[in-house]
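Commentary on secondary and tertiary structure
Now for the letters of each chain:
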Amino acid sequence: MTTTSPAPVFDHLLRMSDRRGTFEHACLAEPRPEHGYCTDDMARVLVVATREPHAEGEVNGLAGVAVRFLNEAQAFSGACRNRMDNTGRWIDEPSTGDHWGRCIWGLGTAAAHSEVSLVGRLAVIQLERAAQARSKSPRAMAFAALGAAELLAVKPEHAAARGLITDYAASLAAPNGDPAWPWPEPRLTYANAVLAEAMIAAGVALDDTALRQRGLDLLGWLIERETSGGHLSPTPVGGRGAEDARPGFDQQPIEVATLADACARAAVVDAGAIWPDAVRAAAAWFMGDNDAGQVMWDPETGGGYDGLHADGVNGNQGTESTLAVISTLQHAQRLSTVPQ
């Protein structure tokens, strides 16, 4: 038996983009250029554009814009700026926050998957520069580890990527030994699944079966915590602790997409049915199978809505949310072609 999921639609993402990058915010479906662009989004643009099979010219063009943006964001040290205004001026200083990690994630994905050879070559060069740096942020290092793992899958001897992912693995605290709350933080906050996904990716890249299994176990625990009534009930903006009431709102599409990313990776290395089932649940969340019974995207344009509330939907179609829909549907489409 196979299951099907809608194909991702790039129309709104393309409408949100110009020659410099992709605008961060929208008012309903209208781009808001006055708020500028960010590296976080352009890294995600590079991921979805280069991961899309048989991408057409406009989507490949987006990848080219993203690679150029990320190159300009980088300092020679490898640190990255995050925010550009709508005139093309950077308005922050280089740092190694989450945007630096996402930059490496995007570049590694492009290096491994881009069907445009120039994009792939430029991505490797830029990743080597960014991988000189390190971050004290666990999520930044986790995103960076994902990029390193992507590159190592096609270039196993790549020294900069291997050094980065080795340092990431060494930075991890030991398991806390608490079966009720094995999570490495006292509360779930944001982009939670990336912490588990990076362990899985690093465990595979470093042939560390214990680290890989730790990531799989944490991801399975997270799915259980973020499932209620047969559908996903993701951690809201305010986070979630062991005793917090459920469901929690405002729920963000990016949380669902991060979970889908992690489960898609887990499905490659582990045969458990839980992983493709969770990817399908993530896609279903956007279709309305969620705590408020609300559709979270526009199937005509591919735009994603910015937040799910108890009393309705934030109808602004920002880039982060639109990329979350596209990314989740890419995984669901790929897994739907595999017999279950």
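Anyway, here's the lowdown on the structure attached to this text. (Residues numbered from 1 in each chain as written. Predicted model: local features only at pLDDT ≥ 70, side-chain atom pairs only at ≥ 80, totals over all residues. Heavy atoms only, no water.)

Let's shift gears to the overall build of the protein chain. Across its full length, the protein chain carries 12 helices and 8 strands. For 340 residues, the compact-globule estimate of 2.2 N^0.38 gives 20 Å, and the protein chain sits close to it at 19 Å. Each of the three principal axes of the protein chain carries a C-alpha extent, and together these read 45 × 45 × 40 Å. Surface summary for the protein chain: the accessible area is close to 13,800 Å², and the carbon and sulfur share equals 54%. Averaged over its 27 positive side-chain charges, the protein chain has a centre that lies 6 Å from the centre of its 42 negative ones. (Helix = DSSP H or I, 4+ residues; strand = E, 2+ residues; numbered from the N terminus. Rg over C-alpha atoms; globule rule 2.2 N^0.38 Å. Areas by Shrake-Rupley, 256 points an atom, 1.4 Å probe, with all protein chains shown as cover. Lys, Arg positive; Asp, Glu negative; His and termini not counted. Charge placed at Lys NZ, Arg CZ, Asp CG, Glu CD.)

Bringing helix H6 (residues 138–154) into the picture now. Given a rise of 1.5 Å per residue, 17 residues ought to cover 24 Å, and the 25 Å separating the end C-alpha atoms of H6 matches this to within 8%. Counting buried residues in H6 gives 14 out of 17 residues, a clear majority hidden from the surface. (Expected span 1.5 Å × (residues − 1). Buried < 20%, exposed > 50% of the residue type's maximum accessible area, 1.4 Å probe, protein only.)

A word on the packing of aromatic side chains. On inspection of all chains with the given rule, the structure shows 7 aromatic pairs. Between Trp 105 and Phe 143, the ring centres sit 5.4 Å apart and the planes meet at 40 degrees, which makes this aromatic pair tilted. Separated by 38 residues along the polypeptide, Trp 105 in helix H4 (residues 98–113) and Phe 143 in helix H6 bring together distant segments of the chain. Residue classification places Trp 105 among the buried residues on the basis of a relative accessible area of 10%. Its relative accessible area of 4% is what places Phe 143 among the buried residues. One aromatic cluster in this structure is built from Phe 23, Tyr 37, Phe 69 and Trp 90. (Phe/Tyr/Trp six-rings, centres within 6.5 Å; stacked < 30°, edge-to-face > 60°.)

Moving on: a nonpolar patch on the surface. Taken together, the side chains of Leu 118, Leu 122 and Ile 125 present a nonpolar region at the surface, about 260 Å² in accessible area. Examined against the element boundaries, Leu 122 turns out to sit in helix H5 (residues 117–130). (Patch = residues over 30% accessible without salt bridge, like charges linked within 9 Å, V, L, I, M, F, W, Y side chains within 5 Å. Salt bridge = Lys/Arg side-chain N within 4 Å of Asp/Glu carboxyl O.)

Backbone torsion omega between Arg 246 and Pro 247 reads -5 degrees, so that peptide bond is classified as cis. Looking at where Pro 247 falls in the secondary structure, it is placed in the loop between strand E6 (231–232) and helix H10 (253–269). With an omega of 0 degrees, the peptide bond between Phe 249 and Asp 250 qualifies as cis. Looking at the secondary structure, you find Asp 250 in the loop between E6 and H10. The residue His 54 is not glycine, and still its phi comes out positive at about 55 degrees. With respect to the helices, strands and loops of the structure, His 54 is situated in the loop between helix H2 (39–51) and helix H3 (57–73). Since its relative accessible area comes to 69%, His 54 is described here as exposed. At Ala 191, a position not held by glycine, the phi torsion is positive, near 45 degrees. Here Ala 191 falls in the buried class, since its relative accessible area comes to 4%.

On to the pattern of salt bridges, then. Opposite charge on two side chains permits pairing when their charged atoms draw close. Considering all chains together, one arrives at 14 salt bridges under this definition. Across the salt bridge formed by Arg 83 and Glu 24, the nearest N and O atoms sit 2.7 Å from each other. Residue Arg 83 is located in strand E4 (residues 83–84), and its partner Glu 24 is located in the loop between helix H1 (11–15) and strand E1 (26–27); the two are separated by 59 residues in the primary sequence. Since its relative accessible area comes to 33%, Arg 83 is described here as partly exposed. Assessed through its relative accessible area of 13%, Glu 24 is described here as buried. As a salt-bridge pair, Arg 32 and Glu 34 come within 3.1 Å of each other at their nearest N and O atoms. Linked by salt bridges that have partners in common, Asp 41, Arg 44 and Glu 320 make up one network.

Relative to the 18 Å expected for 13 residues at 1.5 Å per residue, helix H7 (residues 159–171) spans 18 Å between its end C-alpha atoms, a close match to the ideal helical length. Listed in full, the buried residues belonging to H7 are Ala 161, Leu 164, Ile 165 and Tyr 168. Seen from one end, H7 has its buried residues packed into an arc of 90 degrees, which puts them on one side. Structural note: H7 exposes Ala 159 and Ala 170 on the side pointing more than 90 degrees away from its buried face. (Arc of directions from axis to C-beta.)

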